[in-house]
Amino acid sequence: MAEIAAIVFRSRDTVERVLNRFLRGGVAAIPPRKAPGRAPTVTPAWKAELLRVIDLDPHTVGVHSANWTTGLLALSLAAQTRVTVTAETVRLALRAADYVCKRPTWTLKRKAEAQPGYAGNASGCRWYGLGPAHRPLHP
Amino acid sequence: MTELVEADLLDDVPPDVEELLPLLPHAAVYLQDEVQFAFHPTLTRVWCRKGRRGQRLVEAPGANDKVYGFGLVDGCDGWFDGRFAPGRTADVFCAQVRAAVARSRPRGRLAIVIVDNLHTHTPAGSKLVRQMLAELQDHLRIIYTPADDPDANRIEWLWRWSRREVTHNHQRPTFAALREDMYAHFQTLREHANLVLRQIGSPFAEQGPAAQPLAYAA
């Protein structure tokens, strides 16, 4: 058993466990089984809805707040998807989706778009490589 | 007094505390303050994607219209009186304090109102306040907090909720829409007295799970 473990880079316990499964159920029992434990509460639909609403103004989905918080998201998604989770679960889901809590920055996009000849960050131009004299005052 | 304050701190106790303590059993204590709601959003951290490209953009409106909200809270039962005005003027302040007195008088209670030192709150700075104090001297006491000490008036804590719900990172395209949010928010404060008490850290707030956890979300 120890020799096999060294060859397949697994522990002796693992080799013994797989061998026992083979003896009990044959080749069909060998592939890894689904990990035991409770199924996750959140569903793919819940995650998709979370990633959809996080980019929206909360007022547009009937939440009377200017900002999303994890608690607000949990309540709003519970009403929409019937999946009730805590604020901490929302936080973990956002972190898993590469979201962080960060300060926003200003834009004058709407006002600037009303002016002819405007070019700024909205068009993807970052004005890198140009001297300070060429950079717009308000990107 | 010696039961409430450590002996070495007795010298720091304001002189009027001795006089005010016996009034408390027959008084309603109100906290009053103003908050500025401006069209130019206040910024705070918000959920956004990692990296610079993920940073959210908040529209700067250019013209910074503003309005002032006047708030008055009963520190014991969470009753809230909210008003709006274009400036922090004495007429609105006096109307609000008179509303507190009108509420307390039928109950046989003295109205003690804790306010900051804004000149329109003081008899020295406002004729209206002088008149009001003279008229209601048997039913009203105004307590001024020390200068530059916002922690002395717990209603300041309430505005944190207002900022989060109304002004932080707001995306309202017009000031009229933002104004609607302000009215709705003050209405929420009127309807959720216990949440108001919890927000200002009142010892009279009912503890336990929040009936309306929206305001307390992280």
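Above this text sits the structure in question.
When you go through chain B residue by residue, the secondary structure sums to six helices and seven strands. Each helix and strand of chain B, placed in order from N terminus to C terminus, yields the pattern α-β-β-β-β-β-α-β-α-β-α-α-α. With respect to the principal axes defined by its C-alpha atoms, chain B has extents near 60 × 40 × 35 Å. When the 218 residues of chain B are sorted by exposure, 33% land in the buried category. When contacts within chain B are restricted to residue pairs at least 6 apart in sequence, long-range pairs at least 24 apart make up 68% of them.

To continue, consider unusual backbone geometry. Residues and elements named next belong to chain A. The backbone of phenylalanine 9 sits at a positive phi, close to 55°, despite the residue not being glycine. Within the secondary structure, phenylalanine 9 is located in the loop between α1 (2-8) and α2 (12-25). Assessed through the 7 C-beta atoms surrounding it within 10 Å, phenylalanine 9 is described here as exposed.

Here the focus is the packing of helix α4 (residues 70-81) of chain A against helix α5 (residues 87-96) of chain A. Residues and elements named next belong to chain A. Put simply, α4 and α5 touch, their axes get as near as 8 Å, and they point 100° apart. The orientation of α4 with respect to α5, classified from their angle, is roughly perpendicular. Of the residues in α5, those touching α4 at Thr70, Gly71, Leu73 and Ala74 are Ala87, Val90 and Arg91. Its residues placed into classes, the contact of α4 with α5 shows four nonpolar, two polar and one charged.

Among the residues of α5(A), those classed as buried are A:Val90, A:Ala93 and A:Leu94. Buried positions in α5(A), seen along its axis, are confined to an arc of 100° and lie on one side of it. Within α5(A), the exposed residues directed more than 90 degrees away from the buried face are A:Glu88 and A:Ala96. Buried positions along α5(A) lie against α3 (44-53), α4 and β1 (99-102) of chain A together with β2 (46-49) of chain B. In the stretch just after α5(A), A:Asp98 is the one whose phi turns positive, near 65°.

Here we come to the interface of chain A and chain B. Counting from both sides, the interface comprises 28 residues of chain A and, opposite them, 29 residues of chain B. Among the elements of the structure, α4, α5, β1, β2 (105-107) and α6 (109-113) of chain A are those that each provide at least two residues to the side of chain A that touches chain B. The residue inventory of the side of chain A that touches chain B, partitioned by class, reads 13 nonpolar, eight polar and seven charged. In this structure, β1(A) lies alongside β2(B), joined through four bridges in antiparallel fashion. Considered in β2(B), the bridge of A:Val100 is made with B:Cys48.

Parameters at a glance
- Residues numbered from 1 in each chain as written.
- Chains lettered and ligands numbered in written order.
- Predicted model: local features only at pLDDT ≥ 70, side-chain atom pairs only at ≥ 80, totals over all residues.
- Helix = DSSP H or I, 4+ residues; strand = E, 2+ residues; numbered from the N terminus.
- Buried ≥ 20, exposed ≤ 12 C-beta atoms within 10 Å, placed from the backbone.
- Contact = placed C-beta atoms within 7 Å.
- Axes fitted to C-alpha atoms, helices over the stretch in contact; angles between N-to-C directions.
- Parallel < 35°, antiparallel > 145°, perpendicular 65-115°, else oblique.
- Nonpolar A, V, L, I, M, F, W, Y, C, P; charged D, E, K, R; others polar.
- Arc of directions from axis to C-beta.
- Pairing = 2+ DSSP bridges.

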